[in-house]
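Survey of secondary and tertiary structure
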Amino acid sequence: MADYTQIKLDIADGIATITLHRPEKMNAYTGTMMTEMIDAFDRTDADDSVRAVIVTGAGDRAFCAGADLTPSDGKHVFSSGDTVEDLSDPRVRDGGGMLTLRIYQSKKPVIGAINGAAVGVGVTMQLPMDIRLASTKARFGLVFARRGIVPEAASSWFLPRIVGLPQALEWCMTGRVFDAEEALRGGLVRSLHESEDLMPAAIALAREIADNTSAVSVAMTRAMLWHNPSLSHPMEAHRIDSRAIYTLSRGADAAEGIASFLEKRAPRYPGRVSSDMPAFYPFWNEPGWE
């Protein structure tokens, strides 16, 4: 695949696996890793063979130990080292947020396989992933208040939506590290697995999506479930639902869905995300940085 230096991208049988690959640094996050991960998601969106994306870390110690606090290039750790007068300057942008916004925009479902320690951006980068599975050895920490900064990566938007405001406040205000069992109880992860069972479980979930669903239906469903809860009235969601049902029900995937059900066989959906999304997609206005 691409000539990446801090991640690996493998695509096989409809499933893409992005592996954070700095095991000697516990997969700590850098600007290079951000750029490579964004590029990888650009590739998976553009590749119609990819039906689901799994994100995991190299080794068994860490998923991602947070921002690299001792970067080899000597650059500022948490933000740009440049001094700017205008806070709308693009150099102010948080690198974790640039990644999470890209994952949020993914047209393919994203599954996190959290294989070890996940601290700081190691947690917040997981939040726009659709489903998170964790190793029983995983540890989590929203440690920003203990580093003199604040939660980043748009986590103040994502985290309360996933775990609820009271739990988000406790984890962020204490900044403590907590174990996988607490992450499960708090709703951060869907299930826990022994280390050797984590990737097989993630692959099985990705396989269920890849083998049984329409890529176009999943892309629309993902967008609707992420965007519609923020609408001001259910009528706005009803408009989107209705247009999507009307449009997709007239397509080849709907015909195949009915035929495969009646014929009691596996479906063979012809629709492609690259060419067959409804004409009104995207149905939201994507804000820019300003």
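Anyway, here's the lowdown on the structure attached to this text. The model shown is predicted, which means the values in this text are computed figures rather than measured ones.

Another point: the packing of aromatic side chains. Counted according to the given criterion, the structure contains nine aromatic pairs. Residues tyrosine 104 and tryptophan 157 carry aromatic rings whose centres are separated by 5.6 Å and whose planes lie at 75 degrees to one another, so their mutual orientation is edge-to-face. Taken as a pair, tyrosine 104 in helix 2 (residues 95–104) and tryptophan 157 in helix 4 (residues 155–163) lie far apart in primary sequence, 53 residues in all. Residue tryptophan 157 is classed as partly exposed on the basis of its relative accessible area of 28%. Both rings, one in tyrosine 281 and one in tryptophan 284, keep their centres 5.6 Å apart while their planes meet at 85 degrees; by these two values the pair is edge-to-face.

Before going further, it helps to spend a moment on the packing of helix 8 (residues 215–227) against helix 9 (residues 234–248). Axis separation between helix 8 and helix 9 bottoms out at 12 Å; the angle between their running directions is 175 degrees. One way to sum up the angle between helix 8 and helix 9 is to call them roughly antiparallel. The segment helix 8 lies against helix 9, with Val216, Ser217, Met220 and Met224 engaging Ile240, Asp241, Ala244 and Leu248. Per-class residue counts for the contact of helix 8 with helix 9 are six nonpolar, one polar and one charged.

Here we take up the sheet that holds strand 9 (residues 177–179). In a beta sheet, neighbouring strands pair by backbone hydrogen bonds and run either parallel or antiparallel. If you trace the four strands from one edge of the open sheet to the other, you get 4-6-8-9, paired in mixed fashion. The open sheet has two edge strands, strand 4 (62–64) and strand 9, and neither has a second partner. Ignoring strand direction, the axes of neighbouring strands in this sheet form an average angle of 20 degrees. Relative to strand 6 (residues 117–119), strand 4 runs parallel, the two being bridged by two bridges. Within strand 6, the position partnered with cysteine 64 by the bridge is alanine 118.

This part takes up the pairing of strand 5 (residues 110–114). Counted residue by residue, strand 5 has five buried out of five residues, so it is predominantly covered. Residues Val110, Gly112 and Ile114 of strand 5 are buried on one face, and the alternating residues Ile111 and Ala113, pointing to the opposite face, are buried as well. One ladder, built from four bridges, connects strand 3 (residues 52–57) with strand 5; its direction is parallel. Paired with isoleucine 54 across the two strands is isoleucine 111, which belongs to strand 5. Where strand 5 meets strand 7 (residues 131–135), four bridges bridge the pair, whose relative direction is parallel.

Definitions and limits used
- Residues numbered from 1 in each chain as written.
- Predicted model: local features only at pLDDT ≥ 70, side-chain atom pairs only at ≥ 80, totals over all residues.
- Heavy atoms only, no water.
- Phe/Tyr/Trp six-rings, centres within 6.5 Å; stacked < 30°, edge-to-face > 60°.
- Helix = DSSP H or I, 4+ residues; strand = E, 2+ residues; numbered from the N terminus.
- Buried < 20%, exposed > 50% of the residue type's maximum accessible area, 1.4 Å probe, protein only.
- Axes fitted to C-alpha atoms, helices over the stretch in contact; angles between N-to-C directions.
- Parallel < 35°, antiparallel > 145°, perpendicular 65-115°, else oblique.
- Contact = heavy atoms within 4.5 Å.
- Nonpolar A, V, L, I, M, F, W, Y, C, P; charged D, E, K, R; others polar.
- Pairing = 2+ DSSP bridges.

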